[in-house]
Amino acid sequence: MIESLRAFIKAIVEVFSDWYLMAPNETDIYRLLSIREQRGFPAMLRSIDCMHWKWKKCPIAWHGIYTGHCREPTIILEAMASQDL
């Protein structure tokens, strides 16, 4: 399972790093700061996002552990982005 996760992460970095994992330029920083200021978080470039992904092949014994407000088993994917000024 760990090896599969490592292969997945490596593939994501290879495919998306040029666009999504690049350092922001001045235009990006201005745009991000403007958006965050409108949302009530001035001067913040860091953000975190979470998603619930339906786990179709969750073992039945684990359904209770991984079932929450969605009423079916899910795995939470958390992504954090950070850029210090």
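Enquirer: Would you mind showing me how to read the overall build of the protein chain here?
Expert: When its secondary structure is counted, the protein chain shows three helices and two strands. Walking the protein chain from its N terminus toward its C terminus, one meets helices and strands in the order α-α-β-α-β. By the burial criterion, 7% of the 85 residues in the protein chain qualify as buried.

Enquirer: What's the story with the side chain of T74 in this structure? I'm lost.
Expert: Within the secondary structure, T74 is located in strand 2 (residues 74–81). Polar side-chain contacts of T74 include one of 3.2 Å to the side chain of H52.

Enquirer: Is there a simple way to think about the pattern of salt bridges in this case?
Expert: A side chain of one charge can pair with a side chain of the opposite charge when the charged atoms of the two come close. What the rule picks out here adds up to three salt bridges. As a salt-bridge pair, E72 and K54 come within 3.6 Å of each other at their nearest N and O atoms. You can see E72 sitting in the loop between helix 3 (63–66) and strand 2 and its partner K54 sitting in strand 1 (residues 47–54), a full 18 residues away along the chain. Accessibility expressed as a relative area gives 33% for E72, which makes it partly exposed. On the basis of relative accessible area, K54 is assigned to the exposed category, the value being 52%.

Enquirer: In this structure, what is going on with the packing of aromatic side chains? I would like to understand it.
Expert: The description of an aromatic ring pair uses the distance of the two centres, along with the angle that the planes make with each other. Tallied over the entire structure, the rule returns three aromatic pairs. Relative to Y66, the ring of W55 has its centre 5.0 Å away and its plane inclined at 85°; by these criteria the two rings are edge-to-face. One end of the pair, W55, is in the loop between strand 1 and helix 3; the other, Y66, is in helix 3, with eleven residues separating them in the sequence. For W55, a relative accessible area of 21% translates into the label partly exposed. Exposure remark for Y66: the relative accessible area of 33% places this residue in the partly exposed category. Members of the aromatic cluster, joined through ring pairs, are W55, W62 and Y66.

Enquirer: Explain the confidence of the model for the protein chain to me, please; I cannot follow it from the model alone.
Expert: Per-residue pLDDT for the protein chain has a mean of 80; in total, 84% of the residues score no lower than 70. Ranking the elements of the protein chain by mean pLDDT puts strand 2 last, at 74, and helix 3 first, at 87.

Enquirer: What's the story with a nonpolar patch on the surface in this structure? I'm lost.
Expert: A contiguous nonpolar surface patch, about 1,100 Å² in accessible area, is contributed by L5, F8, I9, I12, V13, V15, F16, W19, Y20, L21 and M22. Structurally, L21 can be placed in the loop between helix 1 (2–20) and helix 2 (26–38). L21 sits in the exposed class, given a relative accessible area of 53%.

Procedures and definitions
- Residues numbered from 1 in each chain as written.
- Predicted model: local features only at pLDDT ≥ 70, side-chain atom pairs only at ≥ 80, totals over all residues.
- Heavy atoms only, no water.
- Helix = DSSP H or I, 4+ residues; strand = E, 2+ residues; numbered from the N terminus.
- Buried < 20%, exposed > 50% of the residue type's maximum accessible area, 1.4 Å probe, protein only.
- Polar contact = N/O pair within 3.5 Å; in protein donor to acceptor, adjacent residues only side chain to side chain.
- Salt bridge = Lys/Arg side-chain N within 4 Å of Asp/Glu carboxyl O.
- Phe/Tyr/Trp six-rings, centres within 6.5 Å; stacked < 30°, edge-to-face > 60°.
- pLDDT = per-residue confidence, 0-100.
- Patch = residues over 30% accessible without salt bridge, like charges linked within 9 Å, V, L, I, M, F, W, Y side chains within 5 Å.
- Areas by Shrake-Rupley, 256 points an atom, 1.4 Å probe, with all protein chains shown as cover.

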